Each structure stands twice: as C-alpha cells, then as structure tokens.
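# Observations on chain architecture
Here is how the chains run, residue by residue.
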Amino acid sequence: ADPLAVSVRVAPLGSRLVLVLVEDLTDRRRIEAIRRDFVANVSHELKTPVGALSLLSEAVADASDDPEAVQRFAGRMQIEATRLASLVQEIIDLSRVQDDRLLVDVEPVPVDELIAEAIDRCRQPAAAKQILIAAGGTGDLYLHGNRGQLAAALGNLVENAVNYSPPRTRVAIATRRISSAAVLGEADGELIEISVTDQGIGISEKDRERIFERFYRVDPARSRATGGTGLGLSIVKHVAASHRGTVAVWSVEGQGSTFTLRLPAGHAPVDELGDGSPASPA
Ligand code: ADP
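Per chain, residue numbering runs from 1 following the sequence as it is written. It should be noted that, the model being predicted, local features are given only for residues of pLDDT at least 70 and side-chain atom pairs only at 80 or more, the latter also being counted only at that level, while totals for whole chains, interfaces and linings use all residues. Only hydrogens and water are removed before side-chain values are computed, so all heavy atoms of the structure are retained for them.

Two aromatic rings, drawn from Phe, Tyr or Trp (for Trp, its six-membered ring), form a pair once their centres lie within 6.5 Å of each other, and the interplanar angle then sorts them: stacked below 30 degrees, edge-to-face above 60, tilted otherwise. The full count for this structure, using the stated rule, is one aromatic pair. Ring plane angle 70 degrees and centroid distance 6.2 Å describe the contact between Phe212 and Phe259, whose orientation is recorded as edge-to-face. Taken as a pair, Phe212 in the loop between α6 (205-208) and α7 (220-225) and Phe259 in strand β9 (residues 256-266) lie far apart in primary sequence, 47 residues in all. In terms of burial, Phe212 and Phe259 fall into one category: buried. Should the NZ of a Lys or the CZ of an Arg lie within 6 Å of a ring centre and within 35 degrees of the ring normal, that charge is described as sitting over the ring. When the ring centre of Phe73 is taken as reference, the NZ or CZ atom of Arg72 above it lies at 5.6 Å. Secondary structure elements are taken from DSSP: a helix is a run of H or I of four residues or more, a strand is a run of E of two residues or more, and numbering for both begins at the N terminus. When a residue's accessible area, from a 1.4 Å probe over protein chains only, is under 20% of the maximum for its type it is buried; when over 50% it is exposed; and in between it is partly exposed.

We now examine the confidence of the model for the protein. Residues of the protein with pLDDT of at least 70 account for 83%, and the chain-wide mean is 83. This prediction of the complex comes with two scores: 0.74 for pTM and 0.98 for ipTM. Each residue carries a pLDDT score, the predictor's confidence in it, ranging from 0 to 100.

By the secondary structure assignment, Thr260 is in strand β9. Look at Thr260 and you get buried, because its relative accessible area is 19%. The residues contacting Thr260, other than those within four sequence positions of it, are Glu193, Ile194, Ser195, Thr246, Val247 and Ala248. Contacts: residue pairs with any heavy atoms within 4.5 Å of one another.

Our next topic: the packing of helix α3 (residues 111-121) against helix α5 (residues 147-163). At a minimum axis distance of 8 Å, the contact between α3 and α5 shows a crossing angle of 50 degrees. It follows that α3 is oblique to α5 by the angle criterion. Remark: the crossing between α3 and α5 carries right-handed chirality. Together, Glu113, Leu114, Ile115, Glu117, Ala118 and Arg121 of α3 and Arg147, Leu150, Ala151, Ala152, Leu154, Gly155, Asn156, Val158 and Glu159 of α5 make up the contact between the two elements. Basically, the charged four are Asp, Glu, Lys and Arg, the nonpolar ten are Ala, Val, Leu, Ile, Met, Phe, Trp, Tyr, Cys and Pro, and anything else, Gly included, counts as polar. Residues belonging to the contact of α3 with α5 are distributed by class as follows: eight nonpolar, two polar and five charged. Geometry is summarised by axes, namely lines fitted to C-alpha atoms with helices restricted to the contacting stretch, and by angles between N-to-C directions that run from 0 to 180 degrees. Roughly parallel means an angle under 35 degrees; roughly antiparallel means over 145; roughly perpendicular covers 65 to 115; every other angle is labelled oblique. By definition, turning the near helix anticlockwise from the far helix through less than a right angle yields a left-handed crossing, and turning it clockwise yields a right-handed one.

Structurally, Gly75 is set in helix α2 (residues 67-97). The spatial distance from the C-alpha of Gly75 to the C-alpha of Leu56 is 10.0 Å, given a sequence separation of 19 residues.

Turning to the nonpolar core, a few remarks are in order. Side-chain atoms within 4.5 Å link the members of a nonpolar core, which is a set of buried Ala, Val, Leu, Ile, Met, Phe, Trp, Tyr and Cys residues. Core analysis: the largest hydrophobic core is formed by 42 residues, its most contacted members being Ile133, Leu143, Leu154, Val158 and Leu261. When residues of this core are traced back to their parent elements, those giving at least two are α2, α3, α5, β6 (170-178), β7 (191-198), α8 (232-242) and β9. At nine residues, the largest contribution of residues to this core is made by α5. If sequence neighbours within four positions are ignored, Leu143 has contacts with Glu107, Pro108, Val109, Val111, Leu114, Leu150, Ile192, Ile194, Leu263, Pro264, Ala265 and Gly266. Ala59, Ala63, Ala69 and Phe73 belong to the second largest nonpolar core, which has five residues in total.

What follows deals with α3. Side chains that are three or four residues apart share a direction in an α-helix, a result of its 3.6 residues per turn. Within α3 the residues assigned to the buried category are Val111, Leu114, Ile115, Ala118, Ile119 and Arg121. Relative to the axis of α3, the buried residues are bounded by an arc of 160 degrees and lie together on one face. Think of the arc as the fan of directions from the helix axis to the C-beta atoms.

Before going further, it helps to spend a moment on a nonpolar patch on the surface. Surface patches are defined over residues having more than 30% relative accessible area and no salt bridge, joining like charges when they lie within 9 Å and nonpolar side chains (Val, Leu, Ile, Met, Phe, Trp, Tyr) when within 5 Å. Where accessible areas are quoted, they stem from the Shrake-Rupley method and a 1.4 Å probe; at the residue level, only the protein chains shown are allowed to cover. By definition, a salt bridge exists where a carboxyl oxygen of Asp or Glu is found within 4 Å of a side-chain nitrogen of Lys or Arg. A contiguous nonpolar surface patch, about 520 Å² in accessible area, is contributed by Val6, Val8, Val10, Val18, Val20 and Val22. Contributions of two or more residues to the nonpolar patch are made by β1 (6-13) and β2 (17-24). With respect to the helices, strands and loops of the structure, Val8 is situated in strand β1.

Our next topic: α8. Counting buried positions over the eleven residues of α8 gives nine, a clear majority of the element. When we look at burial in α8, the residues that qualify are Gly232, Leu233, Ser234, Ile235, Val236, His238, Val239, Ala240 and Ser242. Remark: Arg244 follows α8 within two positions and exhibits a positive phi of approximately 55 degrees.

Mapped onto the elements, Leu21 comes out in strand β2. Given a relative accessible area of 43%, Leu21 falls into the partly exposed group. Residues Leu21 and Val42, spaced 21 residues apart in sequence, show a C-alpha to C-alpha distance of 37 Å. For Leu21, the contacting residues outside a window of four places in its chain are Ser7, Val8 and Arg9.

Now for the pattern of salt bridges. Summed over all chains, the structure comprises ten salt bridges. Across the salt bridge formed by Arg123 and Asp120, the nearest N and O atoms sit 2.9 Å from each other. The exposure class of Arg123 is partly exposed, given its relative accessible area of 49%. A relative accessible area of 47% places Asp120 in the partly exposed class. For Glu193, the salt bridge is made with Arg262, and the minimal N-O distance between the two is 2.9 Å. Taken together, the positions of Glu193 in strand β7 and Arg262 in strand β9 put the pair 69 residues apart, joining distant regions of the chain. When salt bridges with common partners are traced through the structure, they connect Glu107, Glu113 and Arg147 into a single cluster.

Set out below in structure tokens:
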C-alpha cells in the first residue's frame, strides 16, 4: 500500500489563531506513480506491435505469389494493429485521469451517452467475436462528474467484458438509481449504479483481490494478445475514488463476472445558458 502522504500548510490568523491546512497527497502520488511506470512500460510495449507490423508487411510483400501465406500474415497484422489501438486508447485514458488534484470540469453527464461511447469503443472486437452488448434503457439518468474520466471508466469495463469472454456470448449493461441511505459511507445524495455483466472466463477469489492494482494481469500472455497493459482497472478504481464512488466485482470462475460502479447522480441541465438558473419563460 502507498504510505500516507500529506501536505501541511500553516497560516497565522492574528496573534492567537493559526490556520492549519492538511491535504491528502496519497491519491496524487498514486496517479503520478502510475504515469511514471506507464511511460516506462508503454515505450517498451509499443515497440512490440510496431516491430511485428513492420516484419509482417515485409513478409506480405515477399509472399505476394502465395495467397495462403498473404492471408495468414494479414490476419496477424490485424491482431497487432488491434493491440496497438488498445495501447493508444490506454494512453488517452491515462491522459484523461492525470493531473486531477481537484476533480475539474464537472458537469451532468447523461448515462446513455457514456454507454453508447463505451459500446462504440468495443465495436470491432465485439463484432469479431459475435458478442452482443445489450444495454437497458437508462430512463434519462445523469451522473455528476468529469465526462472524460467517466467515459474511460465505463469504456474499460465494457472492453474487459468483451476481451475476457468467449465468442457468441452476451455482455449486459444495467443502470439504476439508488438512494445512498442504503449504502452508508459512500457519497452523499443519490447514486447511480452501472453494472457490466459478462459470460466470460471469470476471476478467482485470489485474483479478485489484486486486479485493481496497476499492471496486475491474471494471465499476462492472454492479456497481451488483446493489448492489455494491466492498467485498465486501476484507472477505473481511480476514477471511482476521485468521484467519491466505488467499484466492486462479483465473479464465478468459468461463468462470468459483474463489475459494478456506484457514482454520484447528477441532474439534467435546466437551462440553455448553463449557469445553473432555472429556465425562465421567454
Ligand atoms: P488488462 O489491460 O490486462 O485488461 P485490467 O487492469 O483492465 O488490465 O484488468 C486486470 C486483469 O483483470 C486482466 O488482465 C484480467 O486478467 C482480469 N479481468 C479484468 N476484467 C475481467 C473480466 N471481465 N473477466 C475476466 N477477467 C477480467
């Protein structure tokens, strides 16, 4: 675990009073460490698919009179390209969560749009494996948070559901509003629960304790084939925490997994000006 880190600032307020500001730096340290490790890792990880693509394209050129070999190389090029795309997506996600000392650019975010974006992000691997992603209607629910970070969190969960499921299975995304009275210790006010359920390989109890750690992968070889870096779930956890929400996992090995995000609910924007005042009749 990260050691507790705090910054302490002291300001005198007159002769008998001082103001002491204590800021928790643990979270900031954690994201800085993720970024540092990631840059070191990613440069190495990027070299592999780029190198493979370059070799494979040469091989295709040499094998132009052997259609079967061309087919085989093209298939491998497709796999390497997918891996490259997935690494680039991780870089984008990471840039979205960096530098969030304070959660900035907070707004009402329609859950429908987040789900559509997450599904769109996995369109290609889902189609290749004939995996159906089903999302129930969200009934116009909103989250309150940073759109880019929330998109990264949900996108990673849906992407994992597709990646760790066999072909011709289903991924279901369900959403509901819950009142926080029932879930003491979480953010005040209404919460939105979004769960992503797959019929995939599942996660053992031992691994469930570790999957949210950065760079932790149950099966590095398998995860590498899908472009996994082991960062996805640590990003999800970070986003949940910075929104004062939670992420939890439930799983039965060989049957599937459900990842559940609980995040603060938002309200539909009330006016076109975005100044928070109720729309007045013209
Ligand atoms: P990766 O980039 O390897 O997917 P993540 O941080 O997203 O990294 O996930 C960590 C590990 O947790 C994965 O390597 C995988 O072994 C496991 N995992 C994540 N999601 C699922 C899932 N839906 N089903 C089974 N295993 C999963």
